[in-house]
Amino acid sequence: MIDVNAIHKSAWAKATDGAPCAHRPFLFDFRQVAGRGIYLYTRPLGEASPLRAGHSYPLVVRLAATHRAKNPAGKIVERRISEHELPEWLGRIFARHGMRVDGIQHAQFEPVKVGRGGLDVLSTVMVAAQVLIEDEAKAAHAWGHGIGRGKAWGCGTLMLRH
């Protein structure tokens, strides 16, 4: 299991050239490639979007695969999204951001250690999907600011798949 605390620190150093700042001015994601190590991707927060309304794009994104809801006692609890819930869950997330999922090519659950010392585990899912841009303004905001939760741990960064 990957401990993303060190990756988080590396992304921060890379994106800010080591200069201290009060907030995270970047989005990031990472990939572990067997036998080749971990690759880190960063880009500035608010970067201009290449996504255009009416066009279809192959996107890759790591998402925090969790759902928050109130239990019968009224307390907010978090649970992992199951594989059978994934297509509908992804459809709702992308729809909130002006995109329609036209196909999921790949979805792999990857638990990662987070927090100081990597004591907590965040369930993430790496998704490769074909999406149609229905609302360019919402999709542009998603591109520049990410989607979903867990952005501090590399989740939510939309990337074009090549």
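Anything mentioned here points back to the structure above.
Computed from a prediction, not measured in an experiment: that's the story for all the values here. (Residues numbered from 1 in each chain as written. Predicted model: local features only at pLDDT ≥ 70, side-chain atom pairs only at ≥ 80, totals over all residues. Heavy atoms only, no water.)

A.B. asks: Go over the overall build of the protein, please, and point to the residues and values.
C.D. replies: Within the protein, the regular secondary structure consists of three helices and nine strands. With the C-alpha coordinates of the protein rotated into their principal frame, the extents come out at 45 × 40 × 35 Å. For the protein, the accessible surface area stands at approximately 8,900 Å², while carbon and sulfur atoms represent 54% of it. Considering the protein, the positive charge centre built from 22 side chains and the negative charge centre built from 14 side chains are found 4 Å apart. (Helix = DSSP H or I, 4+ residues; strand = E, 2+ residues; numbered from the N terminus. Areas by Shrake-Rupley, 256 points an atom, 1.4 Å probe, with all protein chains shown as cover. Lys, Arg positive; Asp, Glu negative; His and termini not counted. Charge placed at Lys NZ, Arg CZ, Asp CG, Glu CD.)

A.B. asks: Explain the side chain of Arg-62 residue by residue, including any values.
C.D. replies: If you trace the backbone, Arg-62 turns up in strand E4 (residues 56-64). Reaching out from Arg-62, the side chain makes a polar contact with the backbone oxygen of Phe-30 at a distance of 2.8 Å. One polar contact links Arg-62 to Glu-110, side chain to side chain, over a distance of 2.8 Å. Not counting residues up to four positions away in its chain, the partners in contact with Arg-62 are Asp-29, Phe-30, Arg-31, Glu-110, Thr-124, Val-125, Met-126, Gly-154, Cys-155 and Gly-156. (Polar contact = N/O pair within 3.5 Å; in protein donor to acceptor, adjacent residues only side chain to side chain. Contact = heavy atoms within 4.5 Å.)

A.B. asks: Describe the pairing of strand E2 (residues 26-33), with residues and values.
C.D. replies: Among the eight residues that make up E2, six are buried, leaving the element largely enclosed by the rest of the structure. Direction of pairing for E2 relative to strand E3 (residues 37-44): antiparallel, over a ladder of eight bridges. Bridging across to E3, Gln-32 finds its partner in Ile-38. Counted between consecutive antiparallel strands, the loop separating E2 from E3 contains three residues, among which Gly-35 sits at a positive phi close to 75°. (Buried < 20%, exposed > 50% of the residue type's maximum accessible area, 1.4 Å probe, protein only. Pairing = 2+ DSSP bridges.)

A.B. asks: Outline helix H3 (residues 136-145), supporting the account with residue identities and numerical values.
C.D. replies: Here H3 has its buried residues at Ala-139, Ala-142, Trp-143 and Gly-144. Looking at the buried residues of H3, the elements they touch are E2, E3, E4, strand E7 (99-114), strand E8 (120-133) and strand E9 (159-160). Two to three positions downstream of the cap, the backbone nitrogen of Ala-137 sits 3.1 Å from a side-chain oxygen, assigning the N-cap of H3 to Asp-135. Directly beyond the C-terminal end of H3, a positive phi value near 85° is found at Gly-146.

A.B. asks: Hey, could you go over the packing of aromatic side chains for me, with residue numbers and the actual values?
C.D. replies: This structure, assessed with the given rule, holds two aromatic pairs. Each member of the aromatic cluster is reached from another via a ring pair, and the members are Trp-12, Phe-26 and Phe-28. In this arrangement the basic side chain of Arg-43 is found over the ring face of Trp-143, its NZ or CZ atom lying 4.0 Å from the centre. The residue whose ring lies beneath Arg-62 is Phe-30, and the NZ or CZ to ring-centre distance is 4.0 Å. (Phe/Tyr/Trp six-rings, centres within 6.5 Å; stacked < 30°, edge-to-face > 60°. Lys NZ or Arg CZ within 6 Å of the ring centre and 35° of its normal.)

A.B. asks: Describe the environment of Gly-37, naming the residues involved and giving the relevant values.
C.D. replies: Along the polypeptide, Gly-37 turns up in strand E3. Apart from residues lying up to four places away in sequence, Gly-37 is in contact with Arg-31 and Gln-32.

A.B. asks: How would you sum up helix H1 (residues 4-16)? Please name residues and give values.
C.D. replies: In this model H1 runs 18 Å from its N-terminal to its C-terminal C-alpha over 13 residues, within 8% of the 18 Å that 1.5 Å per residue would give. Looking at H1, one finds that the buried residues are Val-4, Asn-5, Ile-7, His-8, Ala-11 and Thr-16. Relative to the axis of H1, the buried residues are bounded by an arc of 160° and lie together on one face. Buried positions along H1 lie against strand E1 (2-3), E2, E3 and E7. Following H1 by one or two positions, Asp-17 has its phi on the positive side, about 50°. (Expected span 1.5 Å × (residues − 1). Arc of directions from axis to C-beta.)

A.B. asks: So what's going on with the sheet that holds E9? Which residues, and what values?
C.D. replies: One open sheet accounts for five strands, arranged E1-E7-E8-E4-E9; its pairing is mixed. Strands with a single pairing partner mark the edges of an open sheet, and in this sheet they are E1 and E9. Pairing analysis gives two bridges linking E4 to E9, with the strands arranged antiparallel. The partner of Leu-59 across the bridge, within E9, is Leu-160. Sheet contacts for helix H2 (residues 86-96): E4, E7 and E8; angle to E7, the most-contacted strand, approximately 105°. (Axes fitted to C-alpha atoms, helices over the stretch in contact; angles between N-to-C directions.)

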